[in-house]
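# Observations on chain architecture
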Amino acid sequence: MTTAPEALPAAALAEAPAALAVLDAGGGVVWSSRAFDALLGSPDAWGDAVQAGLGRLVAGADAAKVVRPGHAVERLDLRAHALDGGGAAVVAAVAADPLGARVAAAEAALHALARPRPDLLALLEAAAVHVGQALAAGVAVALVGGADDYVRCAVWPPDAAPGLVTAAVPPGDGSGRARDVSAPPVLAALGAAHALAVPVGGDLPALVVVGRGRPWRPDERAAADRLGVLVATLWGWAEAEDRFERTVADLDDALFTVAHDADGRRRYAFVSPQAEALTGLDPDAVLAGDADWSALVVDGDRAAFAAHDARLRAGRPSTVDVRLVVGGDVAWVRERATPGLDAAGNVATGGLLADVTAQHEAEAQLRRARRAAERAAHTRMAFLRTMSHELRTPLGVIRGFADLLADEVADLAAPPEVAEFADAIQTAAGRALRLVSDLLDLSRLETKALDLRRMPVALGPLLAAVAGRHRPALDGRGVALHVEPTDAAALADPARVEQVVEQLLANAAKFTERGAVAVRVRAEGGAVRVEVADTGVGVAADALDDVFEPFVQGDARVNRRFEGTGLGLAVARRLADQMGGGLTATSVEGEGSTFTLTLPRDEG
């Protein structure tokens with residue numbers, strides 16, 4: 001027995017760190033320390049659990065455990081020493097929480113399992129073990145499935161519940177909270193009187209069903225909900241990781257995440273397996289800092305890669321194509337990356353590494369083909385210029401003598417056949433000379449070697465002069481020729497404008513057997529348009545664009561009804577383009593065509 005506290009210094013006890021109190025024989029508090037009042041609160045807030053515990057101590061018990069849910073301190077350990085004359089001296093302390101310790105241990109174990117690369121089956125197996133242990137269950141079974149039909153995939157202890165292969169578990173209320181399972185087949189298979197279903201699944205529904213012989217306390221249900229949320233979160237993470245790995249596995253390109261040290265060195269946080277095929281480097285070695293594909297860049301591309309890396313360090317997106325030496329070979333790769341912030345607020349750059357060797361080889365082949373084509377075109381044009389010069393001189397002589405012969409025959413009383421022969425020579429020589437002139441013009445236009453003047457051109461007199469040369473032939477066939485008078489003027493080369501209009505009227509006259517040919521001028525804004533319309537044979541819609549190509553005619557059959565080389569319109573369009581204008585056409589087959597020459601307008 002101990003003596004009454006009156007013999008002790010009351011002030012010292014009141015300020016002691018221990019939670020002390022003296023109870024009378026009826027369980028009332030005679031005296032208490034400040035620590036006791038702070039731990040238990042005022043007597044009117046103790047509740048039945050504390051009153052009952054104190055009553056047991058006064059009745060002679062040495063200790064009592066008190067559980068009072070909802071209070072700041074839910075668990076208390078009370079110890080007592082009986083006093084002479086009745087009553088007891090009480091020491092109160094916060095009780096250890098075995099459930100909380102078990103839940104904390106389960107959370108730590110589940111986090112450790114999921115931290116590297118979580119596996120869904122391993123996660124479910126661990127959930128069965130740790131949820132069962134934390135809730136002091138006799139058996140725990142992990143189930144996966146859908147709706148209310150589940151299949152077992154893990155069990156703890158390993159030899160428990162052999163008969164529970166499938167289970168019909170009623171759906172929950174949608175809250176995701178643990179729920180009681182009262183289905184007799186499930187309870188019988190578990191060998192338990194009480195069972196609790198803890199939802200843990202993600203996209204795939206999953207449960208951990210725990211069973212034991214006694215009911216679940218409210219704090220145990222709260223712990224079950226807490227563990228269920230954790231496992232469901234880790235499950236969702238595992239599913240996302242699994243989806244990401246499947247997506248990455250289907251890519252040909254490599255993904256990476258990189259940051260830069262203060263000295264500018266790269267530190268990789270993630271590198272997908274495809275990097276090894278692209279660079280020849282082991283991704284683990286890259287992550288460890290023992291390798292970096294930037295060291296494989298050929299000397300000629302190092303400056304470009306350094307500038308690219310500098311843009312990334314400055315926080316700007318960048319893309320660069322460089323050559324890497326991979327296994328003794330040289331391969332083109334494209335690195336495209338965008339800086340951003342990671343979850344901790346640090347700068348991290350996510351990027352993509354792709355093999356673009358085939359693209360660069362195709363581009364190089366295209367450049368070689370273009371240069372070859374350009375050389376061929378220059379050779380062709382040089383040949384045309386040379387041959388045109390070589391042919392023009394003798395053809396000019398032939399044409400001159402043909403004209404002289406025709407004049408002489410007309411003055412002589414020669415047989416009719418001689419006049420026909422002279423006319424044939426004159427016509428053929430003129431056609432050949434025009435062909436050579438067209439070839440020479442085309443070669444100069446293609447090589448930009450044709451010098452063009454730019455001066456005002458009065459279109460009215462020019463059109464009248466060209467029309468006058470074609471009117472006799474058209475009148476002879478009964479085809480009307482209408483030329484609208486105009487005061488419009490263009491800024492162009494007069495001789496070349498006349499050449500284009502000559503070609504358009506010649507074409508219209510050649511392909512129009514009846515009806516009319518009309519020439520109109522429209523001045524609009526800074527342009528003037530000369531339209532030559534006819535009612536001739538027209539051009540098919542699918543062949544209209546081709547009439548401006550060299551050696552192409554709208555009627556390209558072997559035995560053409562209309563003679564020609566197909567050079568006239570090709571030369572005319574190129575002349576129009578180089579004078580700052582253009583030449584277009586519209587046509588309806590069988591009804592006629594309209595060719596429009598557009599030139600810069602002289603507004604002076």
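The preceding data block contains the structure.
To keep things clear, this report deals only with the structure shown in the data block. (Residues numbered from 1 in each chain as written. Predicted model: local features only at pLDDT ≥ 70, side-chain atom pairs only at ≥ 80, totals over all residues. Heavy atoms only, no water.)

Before going further, it helps to spend a moment on the sheet that holds strand S16 (residues 347-355). Pairing in this open sheet of five strands is antiparallel, and the strands run S13-S12-S16-S15-S14 from one edge to the other. Bordering the open sheet on either side are strand S13 (266-271) and strand S14 (318-326), each of which pairs with just one other strand. Within this sheet the neighbouring strands show an average axis-to-axis angle of 35°, counted without direction. Relative to S13, strand S12 (residues 254-260) is paired through five bridges, and the arrangement is antiparallel. Its bridge partner lying in S13, Ala259 is registered against Arg267. Lying over the sheet, helix H10 (residues 302-313) contacts S12, S13, S14, strand S15 (329-341) and S16, oriented at roughly 135° with respect to S14. (Pairing = 2+ DSSP bridges. Helix = DSSP H or I, 4+ residues; strand = E, 2+ residues; numbered from the N terminus. Axes fitted to C-alpha atoms, helices over the stretch in contact; angles between N-to-C directions. Contact = heavy atoms within 4.5 Å.)

This brings us to the packing of aromatic side chains. A complete count under the given rule lists four aromatic pairs for this structure. Their ring planes at 70° and their centres at 6.2 Å tell us that Phe256 and Tyr268 sit as a pair that is edge-to-face. Here Tyr268 lies in strand S13 and Phe256 lies in strand S12, a separation of 12 residues in the sequence. Note on Phe256: relative accessible area 2%, which makes it buried. In this structure Tyr268 comes out as buried when scored by relative accessible area, which is 8%. (Phe/Tyr/Trp six-rings, centres within 6.5 Å; stacked < 30°, edge-to-face > 60°. Buried < 20%, exposed > 50% of the residue type's maximum accessible area, 1.4 Å probe, protein only.)

Once that is clear, we can look at unusual backbone geometry. Across the junction of Trp156 and Pro157, the peptide omega takes the value -10°, indicating a cis bond. Considering the arrangement of structural elements, one finds Pro157 in the loop between strand S7 (149-156) and strand S8 (166-168). The residue Ala136 is not glycine, and still its phi comes out positive at about 55°. Positionally, Ala136 belongs in the loop between helix H5 (120-134) and strand S6 (139-146). Since its relative accessible area comes to 32%, Ala136 is described here as partly exposed.

Close approach of charged atoms allows side chains of opposite charge to pair. A full pass over the atoms with the stated rule returns 21 salt bridges. Note that Arg529 and Glu524 form a salt bridge whose closest N and O atoms lie 3.0 Å from each other. Through salt bridges with shared partners, a single network forms among Arg212, Arg214, Arg217, Asp219 and Glu220. (Salt bridge = Lys/Arg side-chain N within 4 Å of Asp/Glu carboxyl O.)

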